[in-house]
Amino acid sequence: MPKQKIRIKIKGFDHKLVDQAAEQIVDAIERTGAVVSGPIPLPTHIKKFSVIRGPFIDKDSQEQFEIRTHRRLIDIGETTSKTVDALTGLNLPSGVEIDIKL
């Protein structure tokens, strides 16, 4: 049987929550005895918006907003059935999106 690798991508708007979720995942995986590489910080995706302040008098001035999406990557090697069970049983903070690929 070939070695199974699991790749976990974590996304969120608050970098503290993303780091906290990554730390919980790494702790749970290390307890099962699997080899963990990461969390690797990926580039932050920044979406910028310019909005007109008002339609009449203030139409020449604009407000600027941005949304920052922070991402982390965790690779797991030498997985066992305990590793998969530990991943499914995690209670992670809300506001964090997790994508798991086998």
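Now for a look at the structure at hand. Every chain's residues receive numbers from 1 upward, in the order its sequence appears when written. At least 70 in pLDDT is required for a residue's local features to be given in this predicted model, at least 80 for side-chain atom pairs to be given and counted, and no such filter applies to totals for whole chains, interfaces and linings, which use all residues. In computing side-chain values, all of the structure's heavy atoms are included and hydrogens and water are not.

1. Things to note about the overall build of the protein chain
In terms of regular secondary structure, the protein chain is built from 2 helices and 4 strands. Its helices and strands taken in sequence order, the protein chain reads β-α-β-β-α-β from the N to the C terminus. Relative to its length of 102 residues, the protein chain is extended, with a C-alpha radius of gyration of 19 Å against a globular reference of 13 Å. Viewed in the frame of its principal axes, the protein chain has a C-alpha envelope of about 70 × 25 × 15 Å. With 102 residues in all, the protein chain has 27% of them scored as buried. Across the protein chain, every contact between residues at least 6 apart in sequence was considered, and the portion connecting residues at least 24 apart equals 74%. Areas reported as accessible are Shrake-Rupley estimates using a 1.4 Å probe. Residue values count occlusion only from the protein chains shown. For the protein chain, the accessible surface area stands at approximately 7400 Å², while carbon and sulfur atoms represent 52% of it. Mean positive and mean negative side-chain charge positions of the protein chain (16 and 14 charges, respectively) differ by 5 Å. Under the DSSP-based scheme used, a helix requires at least four consecutive residues in state H or I and a strand at least two consecutive residues in state E, with every element numbered from the N terminus. Here the globule rule is a power law, 2.2 Å times the number of residues to the power 0.38, and the radius of gyration is based on C-alpha atoms. Relative accessibility under 20% of the residue-type maximum defines a buried residue, over 50% an exposed one, and the middle range a partly exposed one, all with a 1.4 Å probe and only protein chains included. Whether two residues are in contact is decided by their heavy atoms: any pair within 4.5 Å suffices. Positive charge is attributed to Lys and Arg, negative charge to Asp and Glu, and no charge count is given to His or to the chain ends. To locate a charge, take NZ of a lysine, CZ of an arginine, CG of an aspartate or CD of a glutamate.

2. A short note on the pattern of salt bridges
Salt bridges are defined as contacts in which a side-chain nitrogen from Lys or Arg sits within 4 Å of a carboxyl oxygen from Asp or Glu. Scanning the entire structure with this criterion turns up 3 salt bridges. Note that Arg7 is salt-bridged to Asp75, the shortest N-O span being 2.8 Å. Of this pair, Arg7 sits in strand β1 (residues 6-12) while Asp75 sits in strand β3 (residues 62-77), and the two are 68 residues apart along the sequence. Note that Arg72 and Asp19 form a salt bridge whose closest N and O atoms lie 2.9 Å from each other. Separated by 53 residues along the polypeptide, Arg72 in strand β3 and Asp19 in helix α1 (residues 15-32) bring together distant segments of the chain. Owing to a relative accessible area of 34%, Asp19 belongs among the partly exposed residues under this scheme.

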